[in-house]
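# Report on the structure
The lines below spell out each chain.
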Amino acid sequence: MARGFYRKVAVNSIKRNRQTYLPYLLTCICTVALFYIIISLATSSDLERMVGGSTLRAILTFGSAIVGLFSVIFLFYTNSFLVKRRKKEFGLFNILGMEKKHIAKIVFWETTITAALALSMGLLGGILFSKLVFLLFLGILEYPVVFGFELSIPGMFWALALFSGIFLLTLLNALRQVHLAKPIELLKGGQVGEREPKTKWLSMICGLAFLGAGYYLALSIESPLAALQIFFVAAVLVMGGTYLLFTAGSIGLLKLLRRNRRVYYRPRSFISISGMIYRMKQNAVGLANICILATMILVTLSATISLYIGVDDALKTRYPQDLTLSTSRVQAEDVAEVRERTWEIVKRHGLTAQNVEDYRSLGFIGSIVGSTFEVSGARLDSINPDYQAVELIPLEDLREFSGSLDLEENEVLIYSPGKPYGHTTITVLGRTFTIKQQLDSLTAGSREAVSVVNSHVLVVKDMEVLESLYAAQEGALGHLHSEISHYLGFDLEGSPEEKTEVYSELRAALPQSWVESRDASRTDFYHVYGGLFFLGLFLGTLFGLGTVLIIYYKQVTEGFEDKRRFAIMQQVGMSRAEVRGTVRSQVLMVFFLPLITAGIHVAFAFKMISRLLAVFNLTNIPLYALCTVGVFLGFGVLYTLVYAITARVYSKIVEQY
């Protein structure tokens, strides 16, 4: 054949099928650009000069991995729509005398042209918009604008490597389908799925079981650490249940509607229900994908927006006071030195300390069995989520709070900020204490509000009791035992800069103490939460792009499959107005089902996500609820807009007979 023949055929095929190729090409370009942008941000040299740059780099690198994985799955999936639409054309080529190797050459050139356009235009768009996105990133972090332009070589390399691999996979998959199929199968390749599917009761039951198990896990979680461990298990169960219920449950529901004579034997219902039954297998998979993507968008955006808006609340939760000093292995002289130097520095700056908390304590990690606390040598960052924390404080350090209240040798006061303690006694390290009173609040227990495990504060009679328990746990745990520590926390009247100066001097003057400052940590919090917010927006944009494309292809595919069916119905007496009404009812019947289901998923996940946010020190549940509702309403508006646009495309295809 003439030189360049297959390339010309491929170009003409792309032009002729622009209704399906153009959205796919635009999506490939946008995905390449987004991947380049996030890689360029993760590898930017400007991050090295920023406070908390290593944390931001880790967040962006994690986001790059998610974008890359999503790109592989999503582009490979959407390419299957193109292959399906082209099968009839390839079958016609085969019957007209083309061998499969000739068709393979056409497919090769189509993929090569698409890849070249996507990579070149995607990288160009990524390079052009990367600085704008970086400025947005700095704005979210409240960081000064950095001028200059940087071309990311790692971003170009990884984008070229990843998407070249994706296009190679899609080419091999298309060649496999062309090679294995017979000419008659290729001609009918776009009509696969016309046979009425069977009702798969086992799949439906499994779907309900998976969904119920995922919902149960989400609702039963109490500990933030448990939520962190169970989240992905619950997510996989809900995803599996969604796919099974959409594919099997939807068919069962439609067949039940078909048995209802009052519902089924109406012109619009008859066409909609019967048409959907015959194609529900492939239709349901698309709907399930839309539902999963919508859920990911809602969860990602609501959580990251809540963290960013609630950064001040998170700061106050993590740092209840302006300045805190914690000192381990303390003796009386150590406590005196910490107090003396602290008040000396505060006075030198002309500031006044308020809401002072000054006490010694001994903390344990373990589990409560009945009324016995079994001490463990585990650390908070590696413990079982079923573990609990107990902190013991001598009454003499809380006289300002407790007033004239006295305790006997084996009596304690207990404060449980989380789950209440339900016994009248508690045994710690072989020593049983009677609970004289359960407290509703405790000024010195403010640190327990940020604990990621259920915790209890025990107020004991005096330091002798505390030291005897220290000796007992040292003998029981050996080198894993915890130390008696001194805690000094207070607020200051002054500017953030003055408080930060006091913090810096305290760190230098008291190297044996762990000093923390709310104002000094503000920048780190904004960087972490701002980075997560930016990543949420970025992933939300990517997932939204995928949702729109799947919806569009679903409508186009449904339109071509319904075109012949509606033509037949008009020939037997159905008016054009009735056709439009049937089209509208069929699209509405399935289009908003994924959105409603995604809303149900988010509602059941609300408690688990709120527990996860507690790990990030955000305990403002009303704020998270407000953000969730706002994101759902905003997404619903965009979803409806996409419906309006794609429904018009569907209607135009159906009415072209």
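The structure reproduced in this document is the subject of the present report. (Residues numbered from 1 in each chain as written. Predicted model: local features only at pLDDT ≥ 70, side-chain atom pairs only at ≥ 80, totals over all residues. Heavy atoms only, no water.)

Turning next to the overall build of the protein. What the protein contains, in helices and strands, is 19 helices and ten strands. Taken over 657 residues, the protein has a buried fraction of 50%. Put simply, 83% of the contacts in the protein that link residues at least 6 apart link residues at least 24 apart. About 31,200 Å² of surface is accessible on the protein, with carbon and sulfur atoms providing 63% of the total. (Helix = DSSP H or I, 4+ residues; strand = E, 2+ residues; numbered from the N terminus. Buried < 20%, exposed > 50% of the residue type's maximum accessible area, 1.4 Å probe, protein only. Contact = heavy atoms within 4.5 Å. Areas by Shrake-Rupley, 256 points an atom, 1.4 Å probe, with all protein chains shown as cover.)

Throughout the structure, instances matching the rule amount to 13 salt bridges. Of the charged contacts, one joins Arg341 and Glu337 as a salt bridge, the two residues approaching to 3.7 Å between their closest N and O atoms. Highlighted residues: Arg341 and Glu337, both in helix α12 (residues 332-348), separated by four residues, approximately one helical turn. Arg339 is paired through a salt bridge with Asp358; the nearest N and O atoms lie 2.7 Å apart. With Arg339 in helix α12 and Asp358 in strand β2 (residues 353-369), this residue pair connects regions lying 19 residues apart in the sequence. (Salt bridge = Lys/Arg side-chain N within 4 Å of Asp/Glu carboxyl O.)

Another aspect to go through is a nonpolar patch on the surface. Together, Phe76, Leu168, Leu169 and Leu172 make up an exposed nonpolar region whose accessible area comes to about 360 Å². Top element by residues in the nonpolar patch is helix α5 (residues 153-180). It accounts for three residues. Residue placement: Leu172 occurs in helix α5. Its relative accessible area of 47% is what places Leu172 among the partly exposed residues. (Patch = residues over 30% accessible without salt bridge, like charges linked within 9 Å, V, L, I, M, F, W, Y side chains within 5 Å.)

Below, the discussion takes up the layout of surface pockets. By volume, the largest pocket is sized at about 1,700 Å³. Forming the walls of the largest pocket are 45 residues, and the residues nearest its centre are Phe231, Phe232, Met296, Val299 and Thr300. Secondary structure elements with two or more residues in the lining of the largest pocket: α3 (53-95), α7 (201-220), α8 (224-259), α10 (267-309), α16 (518-571) and α18 (593-615). Looking at the lining of the largest pocket residue by residue, the class counts come to 38 nonpolar, seven polar and no charged. (1 Å grid on protein atoms, 1.4 Å probe; cavity = no way out; pocket = protein on both sides within 12 Å on 5 of 7 lines; lining within 4 Å. Points joined across faces, edges and corners; volume = space filled by probe spheres on them. Nonpolar A, V, L, I, M, F, W, Y, C, P; charged D, E, K, R; others polar.)

Assignment of secondary structure puts Glu516 in strand β10 (residues 513-517). Given the relative accessible area of 15%, Glu516 is considered buried. When the C-alpha atoms of Glu516 and Ser504 are compared, they prove to be 9.7 Å apart, with twelve residues separating the residues in sequence. Glu516 has contacts with Arg318, Tyr319, Asp322, Leu323, Thr324 and Tyr503, leaving out every residue within four places of it along the chain. Side-chain polar atoms of Glu516 contact the side chain of Arg318, separated by 2.7 Å. Here Trp514 takes part through its side chain, which lies 3.0 Å from a polar atom of the side chain of Glu516. (Polar contact = N/O pair within 3.5 Å; in protein donor to acceptor, adjacent residues only side chain to side chain.)

So, about the environment of Phe560. Assignment of secondary structure puts Phe560 in helix α16. Along the sequence, Phe560 and Tyr650 sit 90 residues apart, while their C-alpha atoms lie 8.2 Å from each other.

Looking now at the packing of aromatic side chains. Following the criterion strictly, the structure yields 21 aromatic pairs and no others. With centroids separated by 5.7 Å and ring planes inclined at 75°, the aromatic side chains of Phe108 and Trp109 adopt a geometry described as edge-to-face. Exposure remark for Phe108: the relative accessible area of 38% places this residue in the partly exposed category. Overall, Trp109 belongs to the partly exposed group, its relative accessible area being 29%. Ring geometry for Phe606 and Tyr624: centres 4.7 Å apart, planes at 20°, overall stacked. Of this pair, Phe606 sits in helix α18 while Tyr624 sits in helix α19 (residues 621-654), and the two are 18 residues apart along the sequence. Given a relative accessible area of 23%, Phe606 falls into the partly exposed group. (Phe/Tyr/Trp six-rings, centres within 6.5 Å; stacked < 30°, edge-to-face > 60°.)

If you trace the backbone, His601 turns up in helix α18. With residues up to four places along the chain from it excluded, the contact list for His601 reads Leu211, Tyr215, Val238, Thr242, Cys291 and Thr295.

Right, let's get into the packing of α12 against helix α15 (residues 496-509). Following both chains from N to C, one finds α12 and α15 inclined at 145°, their axes separated by 10 Å at the closest point. Judged by the sense of rotation from one axis to the other, the crossing of α12 with α15 is right-handed. For the pair α12 and α15, contact is made by Arg341, Thr342, Ile345, Val346 and Arg348 and by Val502, Glu505, Leu506 and Ala509, respectively. Classifying every residue of the contact of α12 with α15 by side-chain character gives five nonpolar, one polar and three charged. (Axes fitted to C-alpha atoms, helices over the stretch in contact; angles between N-to-C directions. Left-handed = near helix turned anticlockwise from the far one by under 90°.)

A separate point is the nonpolar core. The biggest cluster of nonpolar side chains holds 103 residues, and the ones touching the most others in it are Leu60, Phe137, Phe163, Phe534 and Ile609. The biggest single contributor to this core is α16, with 17 residues. Beyond its immediate sequence surroundings of up to four residues, Phe137 is in contact with Leu47, Leu56, Leu60, Gly531 and Phe534. Judged by nonpolar contacts, the second largest core, of 22 residues, contains Val412, Val465, Tyr470 and Ile484. (Core = buried A, V, L, I, M, F, W, Y, C linked by side-chain atoms within 4.5 Å.)

A few words on the pairing of strand β9 (residues 485-492). Residues in a regular strand project their side chains so that they alternate between the two faces of the sheet. With eight of eight residues buried, β9 is to be regarded as a mostly interior element. Where burial is concerned, the two faces of β9 agree: the one with Ser485, Tyr487, Gly489 and Asp491 and the one with His486, Leu488, Phe490 and Leu492 are both buried. When strand β1 (residues 323-328) meets β9, the two strands line up antiparallel, connected through six bridges. Across the sheet, the residue bridging to Leu323 is Phe490, located in β9. (Pairing = 2+ DSSP bridges.)

The N-to-C vectors of helix α2 (residues 18-42) and helix α4 (residues 100-141) enclose an angle of 45°; their axes lie 7 Å apart at closest approach. Taken together, α2 and α4 sit at an angle that is classed as oblique. As α2 packs across α4, the resulting crossing turns out to be right-handed. Residues belonging to the contact of α2 with α4 are distributed by class as follows: 19 nonpolar, six polar and one charged. (Parallel < 35°, antiparallel > 145°, perpendicular 65-115°, else oblique.)

With that settled, consider helix α1 (residues 5-16). For the α-helix, the turn length of 3.6 residues means that residues three or four positions removed from each other point alike. For α1, spanning twelve residues, the distance from its first C-alpha to its last is 16 Å, which sits close to the expected 16 Å at 1.5 Å a residue. Among the residues of α1, Tyr6, Val9, Ala10, Ser13 and Ile14 are the ones counted as buried. Across the axial projection of α1, the buried residues extend over an arc of 135°, all falling on one side. Exposed residues lying more than 90 degrees from the buried face of α1 are Lys8, Lys15 and Arg16. (Expected span 1.5 Å × (residues − 1). Arc of directions from axis to C-beta.)

Approximately 40° is the largest bend angle found in α4, and it occurs at Phe129. A positive phi of about 55° marks Glu142, the residue just after α4. (Bend = angle between axes of the 7 residues up to and from the residue.)

Inspection of the secondary structure assignment puts Thr628 in helix α19. In terms of polar contacts, Thr628 uses its side chain to reach the backbone carbonyl oxygen of Tyr624, at 2.8 Å. When neighbours within four sequence positions are excluded, Thr628 is seen to be in contact with Ser302, Val602 and Phe606.

On to the environment of Leu469. Within the element layout of this structure, Leu469 appears in helix α14 (residues 463-477). Here Leu469 falls in the buried class, since its relative accessible area comes to 2%. With near-sequence residues (within four places) excluded, Leu469 lies in contact with Leu362, Phe364, Leu392, Val428, Leu429, Arg431 and Phe433.

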